[in-house]
Amino acid sequence: MEASPSDLTGRARLREAALRLFAQRGFAATSARAVAAEAGLSPALVMHHFGSKEGLRAAVDEQVLARLGAALRELEPGGTDLMASLGEMSARMFGADPTLRGYLRRVLQEDSPASAALFGHLLEGTRTELERLIAAEGGHTDADLRWAPFQMLCLIVGPLLLEPVMQPNLDQPMFEAPALARRSAANQRLLRLGLFGADQSSGAPGAAKPARRQ
C-alpha cells in the first residue's frame, strides 16, 4: 500500500507530484512551480531539495528504477518458472499503475540525454535478467546476445510507448488482467521458441547453441 500524501516527507511529496505531472504533461511543459503547487508546497522547496528541475527529474528517475529493482528482487531465485514470474511482475507493475506507464512513455519518447540515460539503466537491468533467464532455461541460447536485451526490453516497453495507437486496435483494455496475461504468455512463447522455431543458419529446428556475445 502506498503512503498517502500527508504521510510523505516534503521531498517525497514533490517527487510524487513531479511523477504525476511529468506523466501527464511531459518534463518540458511542467514547471517547478506547478510541481510545488501539485504537492501543496512552496516552490522554493524544489530548489532546496533538488537544486533544479533537472535534479527533481533525476530523483524521479531514481525512484522509478528503485521500484522496478525492488520488484525484481522479490522474485524467487529458484524453484519457480523465472520467465513466468518476470512476466507476472511486469504485468503487475505496469498494469496497476497508469502513472508509471505514462511517465515512461513520456520520457522514453523525449529524445534527450536524460531519456537515453533512463533507457540505458533499463537495458542494463534487462541484460541482468536475461543472464538469469539463460541460466534458468538450461544455460544455452541461440540468441544474439548483443541484441537480445534490446529485443526483450522492446517486448516490455513497446506496449507502453504504443498504447495510444494499439488500444483502438484491440477488443479489450490492453493493461487489464486478461489482456496482460495473454500478452505475457505470448511473449514467453516467443522468447522460448522463437517466432518460427528454427535457426535458418543451421537448418535445425529450435537448435540450441551456447550463449554467445558480440
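None of these values were measured; they are calculated from a predicted model. (Residues numbered from 1 in each chain as written. Predicted model: local features only at pLDDT ≥ 70, side-chain atom pairs only at ≥ 80, totals over all residues. Heavy atoms only, no water.)

1. Focus on the overall build of the protein
Scanning the protein for helices and strands turns up 9 helices and 2 strands. Element order for the protein, N to C, with α for helix and β for strand: α-α-α-α-α-α-α-α-α-β-β. Across the 214 residues that make up the protein, the buried fraction comes to 39%. Here the analysis covers contacts within the protein between residues at least 6 apart in sequence; of these, 62% occur between residues at least 24 apart. (Helix = DSSP H or I, 4+ residues; strand = E, 2+ residues; numbered from the N terminus. Buried < 20%, exposed > 50% of the residue type's maximum accessible area, 1.4 Å probe, protein only. Contact = heavy atoms within 4.5 Å.)

2. Digging into the confidence of the model for the protein
Summary statistics for the protein give a mean pLDDT of 85 and a share of 86% for residues scoring 70 or more. The low-confidence segment residues 203–214, where pLDDT is below 50, has 27 contacts with residues more than four positions distant or belonging to other chains. (pLDDT = per-residue confidence, 0-100.)

3. Description of the pattern of salt bridges
One pass over the full model with this rule turns up 10 salt bridges. A salt bridge links Glu16 to Arg15, with the nearest nitrogen and oxygen atoms 4.0 Å apart. Glu110 is the salt-bridge partner of Arg57, the closest N and O atoms lying 2.6 Å from each other. Taken together, the residues Arg57 in helix α4 (residues 53–73) and Glu110 in the loop between α6 (98–108) and α7 (113–136) connect sequence positions 53 residues apart. Classification of Arg57 as buried rests on a relative accessible area of 5%. Because the salt bridges share partners, they merge into one network encompassing Asp81, Glu137 and Arg192. (Salt bridge = Lys/Arg side-chain N within 4 Å of Asp/Glu carboxyl O.)

4. Notes on the nonpolar core
With 51 residues, the main nonpolar core has Leu14, Phe22, Val35, Val64, Tyr103 and Leu104 as its most contacted residues. At the level of elements, α1 (10–25), α2 (32–39), α3 (44–50), α4, α5 (82–95), α6, α7 and α8 (148–166) are the ones that each hand at least two residues to this core. The residues touching Val35, leaving out its near neighbours within four places in the chain, are Leu14, Ala17, Ala18, Leu21, Phe22, Thr30 and Leu56. (Core = buried A, V, L, I, M, F, W, Y, C linked by side-chain atoms within 4.5 Å.)

5. As for unusual backbone geometry
Here the phi dihedral of Asp111 falls at roughly 60°; this positive angle occurs in a residue that is not glycine. Assignment of secondary structure puts Asp111 in the loop between α6 and α7. On the basis of relative accessibility, which here comes to 73%, the residue Asp111 falls in the exposed class.

6. Thoughts on α4
With 21 residues, α4 extends 30 Å between its outermost C-alpha atoms, agreeing within 8% with the 30 Å of an ideal straight helix rising 1.5 Å per residue. Looking at the buried positions of α4, the neighbouring elements they touch are α1, α2, α3, α5, α6 and α7. Two to three positions downstream of the cap, the backbone nitrogen of Glu54 sits 3.4 Å from a side-chain oxygen, assigning the N-cap of α4 to Ser52. (Expected span 1.5 Å × (residues − 1). Polar contact = N/O pair within 3.5 Å; in protein donor to acceptor, adjacent residues only side chain to side chain.)

7. Things to note about the packing of aromatic side chains
One pass over the structure, following the stated rule, counts 3 aromatic pairs. A ring pair is formed by Trp147 and Phe150, whose centres lie 5.2 Å apart and whose planes are at 50°; its orientation type is tilted. We classify Trp147 as partly exposed; its relative accessible area is 44%. The ring of Phe175 carries the charged tip of Arg101 above its face, separated from the ring centre by 4.1 Å. When the ring centre of Phe175 is taken as origin, the NZ or CZ atom of Arg183, which lies over that ring, is 5.1 Å away. (Phe/Tyr/Trp six-rings, centres within 6.5 Å; stacked < 30°, edge-to-face > 60°. Lys NZ or Arg CZ within 6 Å of the ring centre and 35° of its normal.)

8. Concerning the packing of α7 against α8
It is at 9 Å that the axes of α7 and α8 come closest, and there the two elements cross at 105°. One way to sum up the angle between α7 and α8 is to call them roughly perpendicular. Along its contact with α7, which presents Phe119, Leu122, Leu123, Thr126, Arg127, Leu130 and Leu133, the element α8 presents Ala148, Pro149, Phe150, Met152 and Leu153. For the contact of α7 with α8, the per-class residue count stands at 10 nonpolar, 1 polar and 1 charged. (Axes fitted to C-alpha atoms, helices over the stretch in contact; angles between N-to-C directions. Parallel < 35°, antiparallel > 145°, perpendicular 65-115°, else oblique. Nonpolar A, V, L, I, M, F, W, Y, C, P; charged D, E, K, R; others polar.)

9. Digging into the environment of Asp97
For Asp97, the location among the structural elements is in the loop between α5 and α6. Separated by 78 residues in sequence, Asp97 and Phe175 have C-alpha atoms that sit 9.4 Å apart. Only 3.2 Å separates the side chain of Asp97 from the backbone nitrogen of Thr99, close enough to count as a polar contact.

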